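# Analysis of the macromolecular model
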Amino acid sequence: MTDAIKHVELSATELSKQFNRRKIFRDLTFTVENGEVFGITGKNGSGKSTLLRILAGVLTPNSGSVAFHVDGAVIDHEKIIDIMGYAAPYLMLYEEFTALENIRFFSEVRGLPFDADKARGLLERVGLSPERRDVVHNYSSGMKQRLKLIFAILHHPPFLFLDEPTTNLDKDGIEVVYSLIEEQRKHGCVLVATNDASDIARCDRLLDVTTGAVSEGGR
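Read on for a plain summary of the structure. (Residues numbered from 1 in each chain as written. Predicted model: local features only at pLDDT ≥ 70, side-chain atom pairs only at ≥ 80, totals over all residues. Heavy atoms only, no water.)

### Brief notes about the overall build of the protein
Helix and strand counts for the protein come out as seven helices and ten strands. The globule rule puts the C-alpha radius of gyration for 219 residues at 17 Å, and the 17 Å found for the protein is close to it. For the protein, the proportion of its 219 residues judged to be buried stands at 45%. Contacts in the protein between residues far apart in sequence, at least 24 positions, make up 69% of those at least 6 positions apart. In the protein, which carries 26 positive and 31 negative side-chain charges, the distance between the mean positions of the two groups comes to 5 Å. (Helix = DSSP H or I, 4+ residues; strand = E, 2+ residues; numbered from the N terminus. Rg over C-alpha atoms; globule rule 2.2 N^0.38 Å. Buried < 20%, exposed > 50% of the residue type's maximum accessible area, 1.4 Å probe, protein only. Contact = heavy atoms within 4.5 Å. Lys, Arg positive; Asp, Glu negative; His and termini not counted. Charge placed at Lys NZ, Arg CZ, Asp CG, Glu CD.)

### Examining the pairing of strand E9 (residues 205-208)
Two strands pair when backbone bridges link them, and strand E3 (residues 37-41) and E9 are joined in this way by four bridges, in the parallel orientation. If you follow Phe38 over to E9, its bridge partner there is Arg205. Connecting the antiparallel pair E9 and strand E10 (residues 214-216) is a turn made up of five residues, with Gly212 showing a positive phi of about 85°. (Pairing = 2+ DSSP bridges.)

### Thoughts on the sheet that holds strand E2 (residues 22-33)
Hydrogen bonds between backbone atoms are what pair the strands of a sheet, whose relative direction is either parallel or antiparallel. If you walk across this open sheet you meet the four strands as E2-E1-E4-E5, and the pairing is antiparallel. The open sheet has two free edges, formed respectively by E2 and strand E5 (73-74), since each of these has just one partner strand. Relative to strand E4 (residues 63-70), strand E1 (residues 8-19) is paired through seven bridges, and the arrangement is antiparallel. In the strand pairing of E4, Val8 is matched with Val70. Sheet contacts for helix H1 (residues 48-55): E1, E2 and E4; angle to E1, the most-contacted strand, approximately 125°. (Axes fitted to C-alpha atoms, helices over the stretch in contact; angles between N-to-C directions.)

### Observations concerning the environment of Val109
Relative to the elements of secondary structure, Val109 occurs in helix H3 (residues 99-109). For the pair Val109 and Pro89, spaced 20 residues apart in the sequence, the C-alpha separation amounts to 20 Å.

### A word on the sheet that holds E10
On the basis of which strands lie adjacent, the open sheet formed by six strands has the order E6-E7-E8-E3-E9-E10 and mixed pairing. What marks the edges here is a single partner per strand, and that holds for strand E6 (84-87) and E10. Across the sheet, the mean angle from the axis of one strand to that of its neighbour is 20°, orientation sign disregarded. One ladder, built from five bridges, connects strand E7 (residues 159-163) with strand E8 (residues 189-193); its direction is parallel. Paired with Asp163 across the two strands is Ala193, which belongs to E8. In this fold helix H5 (residues 141-153) packs onto E6 and E7, with an angle of close to 170° to the strand it touches most, E6. Along the sheet, helix H6 (residues 171-184) contacts E3, E7 and E8; its crossing angle with E8, the most-contacted strand, is approximately 145°.

### Observations concerning the environment of Ala201
Inspection of the secondary structure assignment puts Ala201 in the loop between helix H7 (197-200) and E9. For Ala201, a relative accessible area of 36% translates into the label partly exposed. Contact partners of Ala201, with chain neighbours within four places excluded, come to Gly218 and Arg219.

### Details of the state of the cysteines
Inspection of the entire model under this criterion finds zero disulfides. The thiol of Cys189 is unpaired, and the distance to the nearest cysteine sulfur, on Cys203, comes to 12 Å. For Cys189, a relative accessible area of 0% gives the class buried. Under the relative-accessibility criterion, Cys203 is labelled buried at 1%. (Disulfide = S-S within 2.5 Å.)

This is a description of form; function is not addressed.
Written out as structure tokens, the structure is:
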């Protein structure tokens with residue numbers, strides 16, 4: 001995506017989800033706009049990650065709808081992947097590859113040309129050594145989490161979805177996440193699924209998945 005985008009908006013209308021007979025959440029309605037950091041909170045098991053996956057198009061709700069708008073135009077469902085970046089601790093890496101090889105692979109998956117210098121710059125941006133040559137299997141959980149952040153921002157998406165983004169990270173890694181979030185404000189919006197008080201403090205508004213209530217955040 002390019003920086004020519006002026007305004008983005010995500011709207012969710014009466015979203016409900018259940019697995020078998022277990023209701024996860026029901027009738028969630030909210031809108032997230034350009035420049036906003038929107039927090040998704042709720043007790044454990046309330047469906048924070050499930051909601052984020054529905055918004056990303058990975059899961060289908062039992063009822064309700066999600067719409068993405070870029071500069072007033074509705075984005076077709078099959079094109080959502082082009083405007084959305086997603087990072088979560090549970091996403092898989094190719095652990096037999098090096099970090100650069102992982103970035104090359106995910107660039108190809110997205111149809112992006114691989115630029116080794118850009119890839120090294122991204123590694124530096126998230127606090128990983130661009131000169132490290134060993135495979136990702138040898139990385140700590142925090143290092144893997146930093147690498148996953150690169151895949152989310154690789155194509156400069158206007159919508160950035162972060163699920164428990166500071167999990168497994170040390171103080172420096174957490175600051176990397178918060179810096180990326182503030183950068184994202186300049187050309188899109190961020191949705192963060194979290195119960196971490198420091199994460200919540202950086203959100204403009206909060207959705208409690210348990211109650212469906214939207215409130216002002218800690219920012």
